[in-house]
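# Inside the fold
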Amino acid sequence: MAETILIAGGAGYIGSHAAKAVAASGRIPLVVDSLAAGHNHAVKWGPLEVADLRDTTALTAIIKAHMPVAIMHFAASIEVGIGEREPLAFYDNNVAGTISLLKAMKACDVTRLVFSSTCAVYGSAQPPLSEDMPRKPASVYGRSKAMVEEIIEDCTRAYGLEAVILRYFNACGADPDGDSGEEHDPETHLIPNALKAAAGLGDGLKVFGTDYPTPDGTCLRDYIHVSDLADAHVAALDLLAREGGLHVFNLGTGTPYSVLDVIKTIEHVVGRAPPHEFASRRAGDVPVLTANLGAAATKLGFRPKLSDLETIVSTAWAFHKKTWGV
């Protein structure tokens, strides 16, 4: 009988791609989502239970009814600026929500967890960033994820929880089959906003900062295709099934691209450059973010297949053309 994997936040961007990868692995993806930020139409590969992660009673009932062997946890607020303006809401959703999920797991004796974390836990550390570097987050978003990492670590010691913590770099792109893509509201990520500008929708793109110590003066970021991320989550499930324990991995490519690299690639893929203007630096932006992938390559066998910039932009453009009707 196929194993069930509960995917908290599985109606969202990365969670929906992970649900497809879980189904492709022969497991059943059970999506639990409040639909506050996720989308009902993104749930295509297994059942959906609508519930808020902070409702421990509802989560416990869902887990008892479906008996998942493991949990993937994507449910979180992610917009950095909103976190700075409304920290209590961020901590309530991201930290209290995870505590509620862990309580429900403990009550139902579910011991395997794959947690969606972020490179933001490193703060402004010098890249390439390795998992043994200290956590020094510089934003409410990053602090909320770092807090959850510490809570998970405490639960592994106290309750025998087995967990894989995955620290993403810049998730991007869309499912190559067109089944799912970025649909954030508000959308703050560079690639969909640049594609929207290239399509003539909304305002032009702002490039924040042209005087960074980088080859072209704009920020360098490590972009990882969302389908590669999804495959890494399935590899994390397999690792927990084989050996349990607690593991922390970076998920990126180790190859950074600048903002202007992204604009040039969009011009090549779309046939026209996104209108853009240059603006001053944003507070909190660091010049370079790049992952050291040694641990993920060794333990997870993680080797990104779709994360060259042209594939990322091409899959995103195909999805957005369909959803925007352009």
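Residues numbered from 1 in each chain as written. Predicted model: local features only at pLDDT ≥ 70, side-chain atom pairs only at ≥ 80, totals over all residues. Heavy atoms only, no water.

Right, let's get into the packing of aromatic side chains. All chains considered together, the criterion is met by zero aromatic pairs. Over the ring of Y159 we find K106, and its NZ or CZ is 5.0 Å from the ring centre. A cation sits over an aromatic face here: R281 above Y212, 4.0 Å from the ring centre. (Phe/Tyr/Trp six-rings, centres within 6.5 Å; stacked < 30°, edge-to-face > 60°. Lys NZ or Arg CZ within 6 Å of the ring centre and 35° of its normal.)

This brings us to the packing of helix α8 (residues 259-270) against helix α10 (residues 309-324). At a closest axis distance of 9 Å, the pairing of α8 and α10 adopts a crossing angle of 55°. In terms of axis orientation, α8 runs oblique to α10. For the pair α8 and α10, the crossing hand works out as right-handed. Facing α8, whose interface residues are D261, V262, T265, I266, H268, V269 and V270, α10 presents L309, E310, V313, S314 and W317. Looking at the contact of α8 with α10 residue by residue, the classes come out as seven nonpolar, three polar and two charged. (Axes fitted to C-alpha atoms, helices over the stretch in contact; angles between N-to-C directions. Helix = DSSP H or I, 4+ residues; strand = E, 2+ residues; numbered from the N terminus. Parallel < 35°, antiparallel > 145°, perpendicular 65-115°, else oblique. Left-handed = near helix turned anticlockwise from the far one by under 90°. Contact = heavy atoms within 4.5 Å. Nonpolar A, V, L, I, M, F, W, Y, C, P; charged D, E, K, R; others polar.)

Right, let's talk about the sheet that holds strand β6 (residues 162-168) for a bit. The sheet built from seven strands is open, its strands ordered β3-β2-β1-β4-β5-β6-β10 with parallel pairing. Of all strands in the sheet, those bounded by a partner on one side alone are β3 (48-50) and β10 (246-251). When strand polarity is set aside, the average angle formed by the axes of neighbouring strands in this sheet is 20°. Sheet topology places β6 next to β10; six bridges connect them, and they run parallel. Pairing of A163 across the sheet is with L246, part of β10. (Pairing = 2+ DSSP bridges.)

Those residues of helix α2 (residues 56-66) that fall on the buried side of the exposure criterion are L59, T60, I62 and I63. When α2 is viewed along its axis, its buried side chains cluster within an angular range of 165° and face the same direction. Those residues of α2 that are exposed and angled more than 90 degrees off the buried face are T57, K64 and A65. Packing partners of the buried residues in α2 comprise β1 (4-8), β2 (28-33), β3 and α4 (87-108). Following α2 by one or two positions, M67 has its phi on the positive side, about 50°. (Buried < 20%, exposed > 50% of the residue type's maximum accessible area, 1.4 Å probe, protein only. Arc of directions from axis to C-beta.)

Moving on to the environment of A18. With respect to the helices and strands, A18 occurs in helix α1 (residues 13-24). Classification of A18 by relative accessible area gives buried; the value is 1%. Measuring from C-alpha to C-alpha, the distance between A18 and H233 comes to 6.9 Å, with 215 residues separating the pair along the chain. Not counting the four nearest positions on each side in its chain, A18 is found in contact with I7, M72, F74 and A230.

Here we take up the pattern of salt bridges. Side chains carrying opposite charge are able to pair once their charged atoms draw close together. Inspection of every chain in the model, using the stated rule, returns 15 salt bridges. With its nearest N and O atoms 2.9 Å apart, the salt bridge here joins E153 to R135. Of this pair, E153 sits in helix α5 (residues 140-159) while R135 is found in the loop between β5 (112-118) and α5, placing the two residues 18 residues apart along the sequence. Classification of E153 as buried rests on a relative accessible area of 16%. Across the pair R157 and D154 runs a salt bridge, and its minimum N-O distance is 2.3 Å. On the criterion of helical spacing, the pair formed by R157 and D154 is a turn pair, its members being three residues apart in helix α5. With a relative accessible area of 61%, R157 lands in the exposed category. It is possible to trace a salt-bridge network through shared partners that takes in R135, E149, E150, E153 and R167. (Salt bridge = Lys/Arg side-chain N within 4 Å of Asp/Glu carboxyl O.)

This part is about unusual backbone geometry. Cis geometry is adopted by the peptide bond preceding P128, which originates at P127 and carries an omega value of 0°. Summarising the element assignment, P128 is placed in the loop between β5 and α5. Of note, the bond from D185 into P186 is cis; its omega dihedral lies within 30 degrees of zero at 5°. Structurally, P186 can be placed in the loop between β7 (170-172) and α6 (190-198).

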